[in-house]
Amino acid sequence: MLYALIAGVLFGLYYALIGLGLNLTFGVLRMVNLAHGDFVMIGGFAAVTAFSAWHLHPLWSLVLVAVLIFAVGIALYYVLVPRIAATKDPEMISLVLFFGLSQVIEALAVMRFGNNTQSIYEPVFGKAPVSILGQPFPAVWVVSGLVSLLALLLVYLYLYRTRIGYSTRAVMASREEAEVSGISVHKVSAIAFAIGLGLAAAAGALAPFMLGGITPDLGVGLTITAFAVIVLGSLGNPVGTVAGGLIYGIALMLMQTYLPSWSALLPYLLLLLVLLVKPSGLFGRQVRSA
Amino acid sequence: MKQLRRYLFGLAGVAALLIAGCGSTTSTTTSSTAPKDITIGTLYAGSGSYATSSLPELAGLKFWMSQVNKDGGVFVKAYNKKIPVKLVDYNDQSDPNTAQTLYTQLITQDKVNILVSDFGSVLTSVAVPIAQEHKMVLFDPTGTGASFFTPTNPYIVLTGLPTSAVWPDNLAKYLLAQNFKKVAIVYAENDFDQSQDETLTTQLKAGGVTPVYNQGVPTTTSNYDVIIHNIAATNPDAVLELGYPNNDIAFLQNLAASGQHFGFLFTIFPGQLFSLLEQNVGAKTLTDTYTYPTPPLLAYNSGVNYGMTISQFTQAFQSANGSAPNFLDIAGYNTGLAIQKTLETAKSLSQLDLRAAAGKIHMFTLDGDFTINKEGAQMGETLPVGQIQASGSGLKTVIVFPSSVATGTAVH
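What you see is a predicted model, and the numbers here were worked out from it, not measured in a lab.

A.B. asks: Mind showing me how you'd approach the domain arrangement of chain B here?
C.D. replies: Frequently, the measure chosen for interface size is the accessible area that the parts lose on association. Residues and elements named next belong to chain B. According to the domain assignment, chain B consists of domain 1 (38-163 + 299-370) and domain 2 (169-291 + 384-401). The C-alpha-based centres of domain 1 and domain 2 are spaced at 29 Å. Note on domain 1 versus domain 2: buried area summed over both sides is about 950 Å², and carbon and sulfur give 64% of it. The three residues of domain 1 that bury the most area against domain 2 are T52, S121 and F327, which together make up 30% of that side's buried surface. The interface formed by domain 1 and domain 2 includes zero salt bridges. Counting across the interface, domain 1 meets domain 2 through two residue pairs in polar contact (both at pLDDT 80 or more). Secondary structure elements with two or more residues in the side of domain 1 that touches domain 2: α2 (51-70), α4 (120-125) and α13 (327-345). By residue number, the principal contributor to the side of domain 1 that touches domain 2 is α4, which donates four residues. Class assignment of the residues belonging to the side of domain 1 that touches domain 2 gives a composition of seven nonpolar, ten polar and no charged.

Set out below in C-alpha cells:
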C-alpha cells in the first residue's frame, strides 16, 4: 500500500508535467491541442536518437528539446492560431485542425523512426534503486519526479512572478479585457502555447523510461490521459493540474495493486466521476463558461 | 393440323429453352475456366501497436508470392495448371474496427479467392466471424486465440503457430519438473495471453501448484513497476509475464530498473522478435531468461519436405529484403506454403473444398510439422522451452525442454 502510494505520487508528478502544457494552452487559447501527446512522442524519439547517436544524457536532451520545441511552438502559433481565431467557430475548427496535425506528426514519425518500439535500456540515472520511506524505487522515477516538480515550480514562477506571467493570467481570465487594457494577446498566447509544447517535449525525454518505450502512435493515448488529468484538476487552471496528476497517479497505482484489470479504464472513470460530481474540476473557480 | 402446328410450336419452344439451357451450361463452363490469377486478400498494420509484428508477417507472405510467381505461379489442381498469385492488401492501422470494414471489403468488393488474416489474435478476432458469415476460409498465420476454433466453424485454418492454449504445454511440464512451488503469472488481457494463462493454471493446479500471483492487466499496460513490486512480495520461484512485444519490453525494462531479480523469468517475445527485445532491454536483462524459441532460433533444416529449409530461407530472404528474417517473416512465408499446398490438392476453388484440402495437409516445413485438427487449429508446431544464455560477447538460445529436442541445459 505504501509502495503504491509513493509510486502514485512519483508517477502522478510525471503526468502532471505532461498535462501542465496542455492546460496552459487551453487556459490561454481556449483550444484543446489534440496534438499535445505527439509532442511528448517527439521529445521521446529525440532523446532516444540523441542517446544512440551521441550518447547524450537524456537530461541534456530534455533541456535541448524543450528549447527547440518552444521555438517551433512560436512559429506554429503564428501559422495556425490567428487563422483559427478568425473563423466563425474557432473551438471546433481547432479540434479538427489539431487532430489533423496529430495524424501528420504520427505519419512523419512512422516514416522517420519506423513502427518499432524504441527506448534506452542503459542505466543512465544510476543502477541502484532509490529508497523513499524504506521502499525501493527505480532511480529514474525519482529523477522524473524532481524534474516534474522543477518544471511546475518554473511555470508557477512564470505565472505569478513575471510581468509576462501577469499578462498571461489576465488573458486566461478574459481575452477581451486583456486586449482592451493594452496587453498583446497574441504575443502572450504564442509564448504560452510554445511553453505548453516545450513542456510536452521535456516530458517526452523521460518517456522512454516512464512509459516503457516510444512508438509513433503514443500521442493519442497520452493526450486522452493528459486531458483527464487536467479536467480532474480543472480546465484552464495550471495549478490544478498538479492535483489532477497526483490523483491520477495514486489511483492508477492502487488500481494496479488491487484491480489491475480495470487500470486502463481509469482516465475515463475519473473523467466521468468529475463531470458527474464536480464538473468544474477540483480547482474549478476559473472554469470556462462557454 | 392446327393441333399439329401447336405441337410443333411447343417442341420449338422446348428446343429453344434447351438451347438456352445449353447456353447457360456453356457459360458455366466459361466461368470454370482458369482465372487469370489467384487473388489473396490480406490486411496489415502499417502503423500502431501491431505494426512491429504485422509488417514482417506481410513481408514473409510477399516473399512466398515472389518465389511462386518467379516459377510461373502456384499449381492449382482444379485447373491442372500453374496460375500467378496476386495480392490485395489494405492497411488496418492496428485498429480492429478498421480491420472489420476492410475484411468485408476484401470478400464482398475485391472478391478475393483466398483470405488471410492480419497478425495476432486481436486483429484476427474480427476476421473470424466475418469469414464464417461469408463462408470464406480464413488462413490465419498467427491469430492463436483458442476461442476462434470451434466445431461450428469450418472456415478457419491456423497456419503459423499452434493455438495459444497449446503453447504452454511444455512450459507447464518444465515448471513442474523443476519442482517450483511458488509461481507468479501476470498476463495481458487478450485471447492470446489469457488462453495461455488458463492452460498454465489448469496444468499447474493438476500438478499440485496453485500460482501465488495470477493477475491480468490491460494489453495497453506500459508500466509494471508496482506489479513487479507486488509479485516480489510473494517470493516466487518462477515469474511468467505473458504479453505482446510492448508488454515484454516494458516489463523487462521496469524489472531491470527496479533492482529486483527473479530466479526463473519467462517472457514470450524474445523467442520471436529477439533483435527488437535486445535493442530495447539490452543483452544483460535478457541473459538467463526463458522463452518459447521459434524459428529461426529453432532451426529446422533436416526433415523439411515442403518449401525451403530454415538456412535456405534465411539466405534467400536476406538477399531479397536486405535484412535477416525473424519468426514473423517465417510465419508469413509458412502461410504461403499452406495456401500453396491447399491449392495443389483441392479439387475446386470452392471454399469448402479448400478447407477440406487444408485439413488433409501433412507436411514438414521450416516452421515444423503442419497438422491441423477438425476445428482448424494447428496442432503440429509445438513450442519447446528455451533459455537465453551468454555466449562469448553475445547471446544464444538453448532449448532446455523437452529433452527430445533439447540442445543444452539450463543455467541458474
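Picking up after the structure, the text goes on.
A.B. asks: Can you walk me through the side chain of E106(A) in this structure?
C.D. replies: Looking at where E106(A) falls in the secondary structure, it is placed in helix α4 (residues 90-113). Salt bridges are absent for the buried E106(A), whose nearest opposite-charge side chain, R112(A), sits at 16 Å. Non-local contacts of E106(A), meaning those with residues more than four positions away in its chain, are made with D38(A), M41(A), P216(A), D217(A), V220(A) and S47(B).

A.B. asks: Got a minute to help me understand a nonpolar patch on the surface in this structure?
C.D. replies: All names here are of chain A. A cluster of nonpolar side chains, M1, L5, Y258, L259, W262, L265, Y268 and L269, forms an exposed patch at the surface whose accessible area comes to about 810 Å². Structurally, the position occupied by L5 is in helix α1 (residues 2-29). With a relative accessible area of 32%, L5 lands in the partly exposed category.

A.B. asks: Help me out: how do you make sense of the nonpolar core in this one?
C.D. replies: One broad trend across soluble globular proteins is that nonpolar side chains are buried collectively. If you look at the biggest cluster of nonpolar residues, it comprises 98 residues, and the most contacted ones within it are Y14(A), Y15(A), F39(A) and L211(A). If sequence neighbours within four positions are ignored, Y14(A) has contacts with S144(A), S148(A), A203(A), G204(A), L206(A), A207(A), M210(A) and L211(A). Counting residues in each nonpolar core, the second largest holds 82 residues, with A172(B), F192(B), L273(B) and L328(B) among its members.

A.B. asks: Would you mind going over the confidence of the model for chain A with me for this structure?
C.D. replies: Interpretation of the predicted coordinates at a detailed level should be avoided for regions scoring low in pLDDT. Residues and elements named next belong to chain A. Model confidence for chain A is summarised by a mean pLDDT of 89, while 98% of its residues fall at 70 or above. Per-element confidence in chain A ranges from a low mean pLDDT of 82 for helix α11 (residues 266-277) to a high of 96 for helix α2 (residues 36-54). Low pLDDT, under 50, characterises residues 286-290; the predicted model gives this stretch eight contacts beyond four residues in sequence or across chains.

Cut-offs used in this document
Residues numbered from 1 in each chain as written. Chains lettered and ligands numbered in written order. Predicted model: local features only at pLDDT ≥ 70, side-chain atom pairs only at ≥ 80, totals over all residues. Heavy atoms only, no water. Domains from an automatic or database assignment. Buried area = accessible area lost by both parts, 1.4 Å probe. Salt bridge = Lys/Arg side-chain N within 4 Å of Asp/Glu carboxyl O. Polar contact = N/O pair within 3.5 Å; in protein donor to acceptor, adjacent residues only side chain to side chain. Helix = DSSP H or I, 4+ residues; strand = E, 2+ residues; numbered from the N terminus. Nonpolar A, V, L, I, M, F, W, Y, C, P; charged D, E, K, R; others polar. Buried < 20%, exposed > 50% of the residue type's maximum accessible area, 1.4 Å probe, protein only. Lys, Arg positive; Asp, Glu negative; His and termini not counted. Contact = heavy atoms within 4.5 Å. Patch = residues over 30% accessible without salt bridge, like charges linked within 9 Å, V, L, I, M, F, W, Y side chains within 5 Å. Areas by Shrake-Rupley, 256 points an atom, 1.4 Å probe, with all protein chains shown as cover. Core = buried A, V, L, I, M, F, W, Y, C linked by side-chain atoms within 4.5 Å. pLDDT = per-residue confidence, 0-100.

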